[in-house]
Amino acid sequence: MIVSFDVLFTVMEVLQEAGSIGDLSSMSKTCRTLQRGASKRLLDHFVSLRNDQDVLSFCLFMAADEGQRYPFLRQGLRLGTGRLSSVASSSLVDLLSRISNLPRLALIHGDKILSSNPRLPFAFARLSCVQHLEFSVSRESDYTGCLFMFKHMRSRLITASLDLPLPFPRYRNGQLNCALSDPISLLQNSAATLTSVTGTRLDARTNPSVVFPHVKQLTVELGFMPLISPYIVSFPNVTALDISCATAFDLSTLPTFSTINTHRQLEVGCWPALEALTGTLEHLYMMALCSKVEKLNVLAYHDASTLSLFQDVLSWSRPQHLQLGVAPSTARIMKAEWASLASVFSECDAARDIETLVVRVCPVDTQTRLVLDDVLVSVLPSPRCLPP
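Residues numbered from 1 in each chain as written. Predicted model: local features only at pLDDT ≥ 70, side-chain atom pairs only at ≥ 80, totals over all residues. Heavy atoms only, no water.

A. Region of interest: the overall build of the chain. What the chain contains, in helices and strands, is 15 helices and 14 strands. The 388 residues of the chain split such that 46% are buried. Considering only residue pairs separated by 6 or more positions, the chain has 70% of its internal contacts joining residues 24 or more positions apart. As displayed, the chain has an accessible area near 18500 Å², and 53% of this comes from carbon and sulfur atoms. (Helix = DSSP H or I, 4+ residues; strand = E, 2+ residues; numbered from the N terminus. Buried < 20%, exposed > 50% of the residue type's maximum accessible area, 1.4 Å probe, protein only. Contact = heavy atoms within 4.5 Å. Areas by Shrake-Rupley, 256 points an atom, 1.4 Å probe, with all protein chains shown as cover.)

B. Fine view of the environment of R154. Within the element layout of this structure, R154 appears in the loop between α8 (144-151) and β5 (159-163). With relative accessibility at 46%, the residue R154 sits in the partly exposed group. Along the chain, R154 and L127 lie 27 residues apart, while their C-alpha atoms are 6.1 Å from each other. Every residue in contact with R154, bar those within four places of it in the chain, is listed here: A125, R126, L127 and S128.

C. Region of the structure containing the pairing of strand β8 (residues 196-202). Judged by how many residues are buried, β8 sits mostly within the fold: five of seven residues are covered. Relative to β8, β5 runs parallel, the two being bridged by five bridges. The partner of A160 across the bridge, within β8, is V197. For β8 and strand β9 (residues 217-222), the ladder comprises five bridges, and the chain directions are parallel. Looking at β9, one finds that V197 is bridged to L218. (Pairing = 2+ DSSP bridges.)

D. Layout of unusual backbone geometry. One non-glycine residue, H109, lies in the positive phi region at around 55°. Structurally, the position occupied by H109 is in the loop between β3 (104-107) and α6 (110-114). Classification of H109 as partly exposed rests on a relative accessible area of 34%. Positive phi, normally seen in glycine, also occurs at R318, with a value near 45°. Within the element layout of this structure, R318 appears in the loop between α13 (307-317) and β13 (321-326). Using a relative accessible area of 29% as the deciding quantity, one classes R318 as partly exposed.

E. Here's a closer look at the packing of aromatic side chains. Counted under the stated rule, the structure contains five aromatic pairs. Between Y231 and F235, the aromatic rings sit 6.3 Å apart at their centres with planes inclined by 20°, giving stacked as the arrangement. Both residues of the pair, Y231 and F235, count as buried. Directly above the aromatic system of F61 lies the positively charged group of R69, at a separation of 4.2 Å from the ring centroid. (Phe/Tyr/Trp six-rings, centres within 6.5 Å; stacked < 30°, edge-to-face > 60°. Lys NZ or Arg CZ within 6 Å of the ring centre and 35° of its normal.)

F. Inspection of helix α5 (residues 86-98) at higher detail. The terminal C-alpha atoms of α5, which comprises 13 residues, lie 19 Å apart, in line with the 18 Å expected from a rise of 1.5 Å per residue. At its buried positions, α5 is contacted by α4 (52-63), β2 (76-79) and α7 (120-125). (Expected span 1.5 Å × (residues − 1).)

G. Examining the sheet that holds β9 more closely. Strand order across the open sheet formed by twelve strands is β1-β2-β3-β4-β5-β8-β9-β10-β11-β12-β13-β14, with parallel pairing between neighbours. Where the open sheet ends on each side, the last strands, each with one partner, are β1 (46-49) and β14 (356-361). Across this sheet, the average inter-strand angle for adjacent strands is 10°, counted without regard to direction. (Axes fitted to C-alpha atoms, helices over the stretch in contact; angles between N-to-C directions.)

H. Representation of the confidence of the model for the chain in the model. For the chain, the mean per-residue pLDDT works out to 81, and 72% of the residues sit at or above 70. Confidence over residues 329-334 falls short of pLDDT 50; this stretch has eleven contacts with residues more than four positions distant or in other chains. (pLDDT = per-residue confidence, 0-100.)

I. Seen up close, a negative patch on the surface. A contiguous patch of negative charge, built from E275, E294, D353 and E355, is present on the exposed surface. Examined against the element boundaries, E294 turns out to sit in strand β12 (residues 292-300). Under the relative-accessibility criterion, E294 is labelled partly exposed at 37%. (Patch = residues over 30% accessible without salt bridge, like charges linked within 9 Å, V, L, I, M, F, W, Y side chains within 5 Å. Salt bridge = Lys/Arg side-chain N within 4 Å of Asp/Glu carboxyl O. Lys, Arg positive; Asp, Glu negative; His and termini not counted. Charge placed at Lys NZ, Arg CZ, Asp CG, Glu CD.)

J. Highlighting the packing of α4 against α5. In the contact formed by α4 and α5, the axes pass within 9 Å of each other and the chain directions differ by 40°. As the angle between them shows, α4 and α5 are arranged oblique. Viewed along their axes, α4 and α5 form a crossing whose handedness is left-handed. Listed contacts from α5 to D52, V55, L56, F58, C59 and M62 of α4 are V87, A88, S91, L92 and L95. Looking at side-chain class alone, the contact of α4 with α5 contains nine nonpolar, one polar and one charged residues. (Parallel < 35°, antiparallel > 145°, perpendicular 65-115°, else oblique. Left-handed = near helix turned anticlockwise from the far one by under 90°. Nonpolar A, V, L, I, M, F, W, Y, C, P; charged D, E, K, R; others polar.)

K. Fine view of the pattern of salt bridges. Counted under the stated rule, the structure contains five salt bridges. D163 is the partner of R201 in a salt bridge, and the nearest nitrogen-oxygen pair spans 2.1 Å. Of this pair, R201 sits in strand β8 while D163 sits in strand β5, and the two are 38 residues apart along the sequence. Residues participating in the shared-partner salt-bridge network are D163, R201 and E221.

L. Molecular detail of the environment of A300. Relative to the helices and strands, A300 is located in strand β12. Sequence separation between A300 and L281 is 19 residues; the distance between their C-alpha atoms is 5.1 Å.

In structure tokens form, the structure reads like this:
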């Protein structure tokens, strides 16, 4: 029986939707017509390259068919190869020079990839089609190529996710010794287009000349210095903030950072309102954000030393909806803590704004046996302490 190409192309579409890459690859080996049809569908997904051999094979695959396959690479490319050989890196440079439609790019341990070949930072920088970037670096490396790529990047990003180096090796004599830490500087070429920024181990510096007017979603893990004012200045229209810190701070130092952030907000102002604010109790206390919050999501490991922080956070944020996560070590402690928490609600004027309260009990100690009845008895009376 002779099967028409129309039927075979329909089969390919079904295989593509099912994610059957192996079957599509097999069909591509039967004849030139099916090879071209299958190649288009094989490239219509996020391509992930994990090592030298993956890069070499993929570059050879793309170069076949007289270069007609390059326009079909239109979903995304993920490189997690580490340092490449000279042959593989040269092939990658050639591949990048021919790509014209690549909306998503992920460079895992990008410093190692970019240092493989002096031409690679320029090859990535000259791409003008990337809209969504995921970028991470190894912990100890030469970041020269990374800085060049960001400085000369032609693409105008819509979203960016940055996983940057640890803060301590970069902070000497009171100064950051690595420019690969400041998201405001790294992403300034896309200031007019970015809408969402996510990053870990960030140390931003205030730069009033760089403003990201369209960023609404900001998820940041601060590095060595937990300062919020640079983000207030450069991301003035944020509506959803998820804040955390990479460095562990002693409880005795929290008031100092809270005071610093309060004083800087007096100088530069603050977001007037946020739709959502998420963080741990300690980190939110350090930020001291004076923004009216619609929905506050706070993870609180309650004990006597932190409940006073919760009252301050409530007073600053004045949430309408409060989602509270607690991680008690024992049910007995839970009883004492919730009695104190109830007193916080009853004594805090800002609690009058709370319309809904959601409590999540999240035990972090798997060895601890929680008695659910004791937990419920402790939690249920708390809403009664909210002012009418």
